[in-house]
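# Fold and contact review
The lines below spell out each chain.
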Amino acid sequence: MEAAANRPPLVYCQGLTKVYPLSGVEVHALRGVDLRVERGEMVAIMGPSGSGKSTLMHIIGCMDTQTSGSYLLDGVDVSNVPEKELAAIRNKKLGFVFQRYNLLPRATALYNVELPLFYAGITGSAAEEKARAALEQVGILHLADHLPNQMSGGQQQRVAIARAMVNDPLLILADEPTGALDTVSSAEVMGIFQKMHEERGVTVIIITHEPHIAEFCRRRVILRDGRIVGDKTFEYSNPVA
Ligand SMILES: Nc1ncnc2c1ncn2[C@@H]1O[C@H](COP(=O)(O)OP(=O)(O)OP(=O)(O)O)[C@@H](O)[C@H]1O
Ligand SMILES: [Mg+2]
């Protein structure tokens, strides 16, 4: 227990800024963000379009680096880590889910979920078994042989979640995961995130525009104009759908 208590926060941002130089004009996407997320939290990041949500997620997800300030992922200052090691960190510690699913169009659901395992050096029947278990967890094992265009949006997003979970990440980052889904599929997808969070203890950070989606998360952080203007943890979240 003591070791757990001494663990660093999973996400620890201090004074993060991000400036994009855009044809001579500087765009200040983040203007000093302090954010600390502990293991086992489920956090919604909300805010209007252009407030810096995706920029923050790209930094947290080691896909981009800040202009100033510091960011530690699980105690590691990733701004100094070479790209090859970063790729390994992303593969091992992080799982990503995007609005448009980002599945390989010509590959089956099963293969899409197996891919991150291949990158991690797990192949053959070991990979297939793990990928099938992940598809079962999200309720679409029966679609293992389907191509993305043979599935509904909600089903494709389940494949994406299975792919994000298959390597047992510490942290799932989802950027508007329900943005392209109808209300029923959105609630189902949020229910799956909650289930992963509750049953497997994975930390989840979800970006959303929609208050009713944020309500599935106990903690809700609000960004405006590159700054955090609200950060509340509620006693309850919406129940699993
Ligand atoms: N690669 C880039 N180059 C230049 N400016 C950028 C780049 N990416 C983002 N920006 C700008 O940074 C600001 C924050 O963008 P960001 O994508 O983080 O917003 P967001 O909150 O995710 O918005 P949305 O809800 O529309 O997805 C915006 O003003 C945007 O135009
Ligand atoms: Mg965005």
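These notes cover the structure that comes with them. (Residues numbered from 1 in each chain as written. Chains lettered and ligands numbered in written order. Predicted model: local features only at pLDDT ≥ 70, side-chain atom pairs only at ≥ 80, totals over all residues. Heavy atoms only, no water.)

## A short note on the overall build of the chain
What counts, and what does not: Helix and strand definitions here come from DSSP, where helices need a minimum of 4 consecutive H or I residues and strands a minimum of 2 consecutive E residues; each element is numbered from the N-terminal end. Note that the radius of gyration is over C-alpha atoms, with the globule rule given as 2.2 Å times the number of residues to the power 0.38. Only protein chains enter the accessibility calculation, which uses a 1.4 Å probe; a residue is then buried when its area is under 20% of its type maximum, exposed when over 50%, and partly exposed in between. Contacts are residue-level and defined by heavy atoms, with any inter-residue pair within 4.5 Å sufficient. Computed with the Shrake-Rupley method and a 1.4 Å probe, the accessible areas treat only the protein chains shown as cover for residues. For the purpose of charge, His is not counted, nor are the chain termini; Lys and Arg are scored as positive and Asp and Glu as negative. Charge positions come from single atoms, namely NZ of Lys, CZ of Arg, CG of Asp or CD of Glu.
Across its full length, the chain holds 8 helices and 10 strands. The C-alpha radius of gyration of the chain comes to 18 Å, within 12% of the 18 Å expected for a compact globule of 241 residues. Its C-alpha atoms give the chain principal-axis dimensions of roughly 50 × 45 × 40 Å. Within the chain, the proportion of its 241 residues that are buried is 48%. By sequence separation, contacts in the chain at least 24 residues apart represent 70% of the contacts at least 6 residues apart. Of the roughly 11700 Å² of accessible surface on the chain, a fraction of 52% belongs to carbon and sulfur atoms. Each charge sign in the chain was given a centre, from 24 positive and 27 negative side chains, and these centres are 2 Å apart.

## Here we look at the sheet that holds strand E9 (residues 219-224)
Rule in force here: Should DSSP find at least two bridges between two strands, the strands are taken to pair. To get an axis, fit a line to the C-alpha atoms, keeping to the stretch in contact for a helix; angles then go from 0 to 180 degrees between the N-to-C directions.
One open sheet accounts for 6 strands, arranged E6-E7-E8-E3-E9-E10; its pairing is mixed. Across the chains shown, the open sheet's two edge strands, defined by having one partner strand only, are strand E6 (94-98) and strand E10 (227-233). Pairs of neighbouring strands in the sheet enclose a mean axial angle of 15 degrees, with direction left out of account. Bridge count for strand E3 (residues 42-46) against strand E8 (residues 203-207) is 4 bridges, and the pairing is parallel. Across the sheet, residue Met-42 finds its bridge partner in E8, namely Val-204. Strands in contact with helix H3 (residues 83-93) are E6 and strand E7 (171-175); relative to E6, the strand with the most contacts, it is inclined by about 80 degrees.

## Some points on the environment of Glu-188
Inspection of the secondary structure puts Glu-188 in helix H7 (residues 183-200). Taking the C-alpha atoms as reference points, Glu-188 and Met-151, 37 residues apart in sequence, are found 15 Å from one another.

## With respect to the site of ligand 1
Using the following cut-off: Whether a residue is near a molecule or strand depends on its heavy atoms: if one lies within 4 Å, it is near. We define a polar contact as two N or O atoms separated by no more than 3.5 Å, with the added condition that, inside protein, one atom must be a possible hydrogen donor and the other a possible acceptor, whereas residues neighbouring each other in sequence contribute only through side-chain atom pairs. Ten residue types, Ala, Val, Leu, Ile, Met, Phe, Trp, Tyr, Cys and Pro, are classed as nonpolar, four, Asp, Glu, Lys and Arg, as charged, and the remainder, Gly among them, as polar.
In the neighbourhood of ligand 1, 14 residues make up the surrounding shell, with Ser-49, Gly-50, Lys-53, Ser-54 and Thr-55 lying closest. Within the backbone of Ser-51, one N or O atom sits 3.2 Å away from an oxygen atom of ligand 1. Within the side chain of Thr-55, one N or O atom sits 2.6 Å away from an oxygen atom of ligand 1. Coverage of ligand 1 by the protein chains reaches 63% of its 640 Å² of free accessible surface. Only strand E1 (11-22), strand E2 (25-37) and helix H2 (53-60) provide two or more residues apiece to the shell around ligand 1. Grouping the constituent residues of the shell around ligand 1 by class yields 5 nonpolar, 7 polar and 2 charged.

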